[in-house]
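Examining the three-dimensional arrangement
So the chains spell out like this:
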Amino acid sequence: MSNLKTINIKGKSYVEVSERLKYFRNNYKDFSLTSQIIECTSDQCVMVANVIDPSGRVVASGHAHETKNSSYINKTSHVENCETSAWGRALANFGIGIDSSVASANEVQMAIAQDSAKPKPPTKKKMTTKIFEAMLKSIADGHPDLVKDHMHKYDMTNAQKSTLEEQL
C-alpha cells in the first residue's frame, strides 16, 4: 500500500480519504463501504462507516463526530465531512493507508483548523520595573483609572500587584 499518495502536514505523511477510497474500490471490488447516521442535528453529526466483506460480515468500522461551527467548511457541510471522516477511519481500521497514522490527512487538517479557530487567551506583557514605576507615577499624578484599565494586560508579581492595588 506504499503506492498511496500522501501529503505532508507538519513533517508527517498522511493519506487522504480519497486515496484510501480509490485503493479500496480498486482492490476490494466485492466488498462494500456503508455509512449510517447515529445522530444528526442542525449543530452536530455522528456517523459510523462499515467495511463489509462479500459474505456480509463487518470487517472494520470507523466512527466520526463533526460539529457545525467547528470549521469554515463544516458551516455548510458538517454532515458530509462526518461521513468522509467515518469512511477514512473505517478504511484505516481495515488497514488502508496506515503506514504512519490511522488519522487521515483530512482529519489532521480539520483538527488543525479547529484548533486555530479557537480563541486564544490574550498574552500578557511582562511587567518591567520601568512600567511598574510608570504606573505608580500615573497613580500619584491622579490617573488611577488609567492604571486600573491597563493592569490586566501585564503579568506581574504578587508584590507588584499588591503595591499597585494599595496605591489605587
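**Section: the pairing of strand β5 (residues 58-67)**
Across nine bridges, the pairing between strand β4 (residues 44-52) and β5 is antiparallel. Note that in β5 the partner of V46 across the bridge is H65. Once β4 ends, the chain turns through five residues before running back antiparallel as β5, passing G56 with a positive phi of about 95°.

**Quick look at helix α1 (residues 17-27)**
Among the residues making up α1, those that are buried are V17, E19, R20, Y23 and F24. Looking straight down α1, one finds its buried side chains confined to an arc of 165°; they lie on one side.

**Structural notes on the side chain of Q160**
The residue Q160 is located in helix α6 (residues 158-167) in this model. Only 2.9 Å separates the side chain of Q160 from the backbone nitrogen of T157, close enough to count as a polar contact.

**Some points on the sheet that holds β5**
The three strands lie next to each other as β3-β4-β5, forming an open sheet whose pairing is antiparallel. Because the sheet does not close on itself, it has two edges, and the strands there are β3 (32-40) and β5. The sheet shows a mean angle of 20° between the axes of neighbouring strands, taken without regard to direction. Inspection of the sheet shows β3 paired to β4 by eight bridges, in the antiparallel sense. Its bridge partner being in β4, E39 is matched across the sheet by V46. Against the sheet, helix α2 (residues 74-93) engages β3, β4 and β5, with an angle of about 155° to β5.

**Some details on the environment of N74**
Tracing the backbone shows N74 in helix α2. N74 sits in the buried class, given a relative accessible area of 0%. When the C-alpha positions of N74 and D43 are compared, they lie 9.7 Å apart, and in sequence the two are 31 residues distant.

**Looking at the packing of aromatic side chains**
In the structure shown here, the tally under the stated rule is five aromatic pairs. Ring centres of F24 and Y28 lie 6.0 Å apart, and the angle between their planes is 20°; on these two criteria the pair is classed as stacked. Looking at F24, the relative accessible area reads 0%, which means it is buried. With a centroid separation of 5.2 Å and 80° between ring planes, the pair formed by Y28 and F31 is classed as edge-to-face. Put simply, the rings of F24, Y28, F31 and F94 pair up and form one aromatic cluster.

The rules behind these values
- Along every chain, residues carry numbers that run from 1 in the direction the sequence is written.
- The predicted origin of the model limits local features to residues at a pLDDT of at least 70 and limits the giving and counting of side-chain atom pairs to 80 or more, whereas totals for whole chains, interfaces and linings rest on all residues.
- Heavy atoms from the whole structure form the basis of all side-chain values; hydrogens and water molecules are not counted.
- Two strands form a pair only when DSSP identifies at least two bridges running between them.
- Counting from the N terminus, the helices are DSSP H or I runs at least four residues long and the strands are E runs at least two residues long.
- Exposure categories follow from relative accessible area, calculated using a 1.4 Å probe and restricted to protein chains: below 20% of the type maximum is buried, above 50% is exposed, and the middle band is partly exposed.
- Here the arc refers to the directions that run from the helix axis out to each C-beta atom.
- Any pair of N or O atoms that falls within 3.5 Å is considered a polar contact. Within protein, one atom must be able to donate a hydrogen and the other to accept it, and sequence-neighbouring residues count only if both atoms are side-chain atoms.
- To get an axis, fit a line to the C-alpha atoms, keeping to the stretch in contact for a helix; angles then go from 0 to 180 degrees between the N-to-C directions.
- In this description, contact between two residues means that some pair of their heavy atoms is separated by no more than 4.5 Å.
- In this analysis, rings of Phe, Tyr and Trp, with Trp reduced to its six-membered ring, are considered paired at centre separations within 6.5 Å, and the interplanar angle assigns stacked below 30 degrees, edge-to-face beyond 60, and tilted for intermediate values.

So yeah, pure geometry; function would need other evidence.
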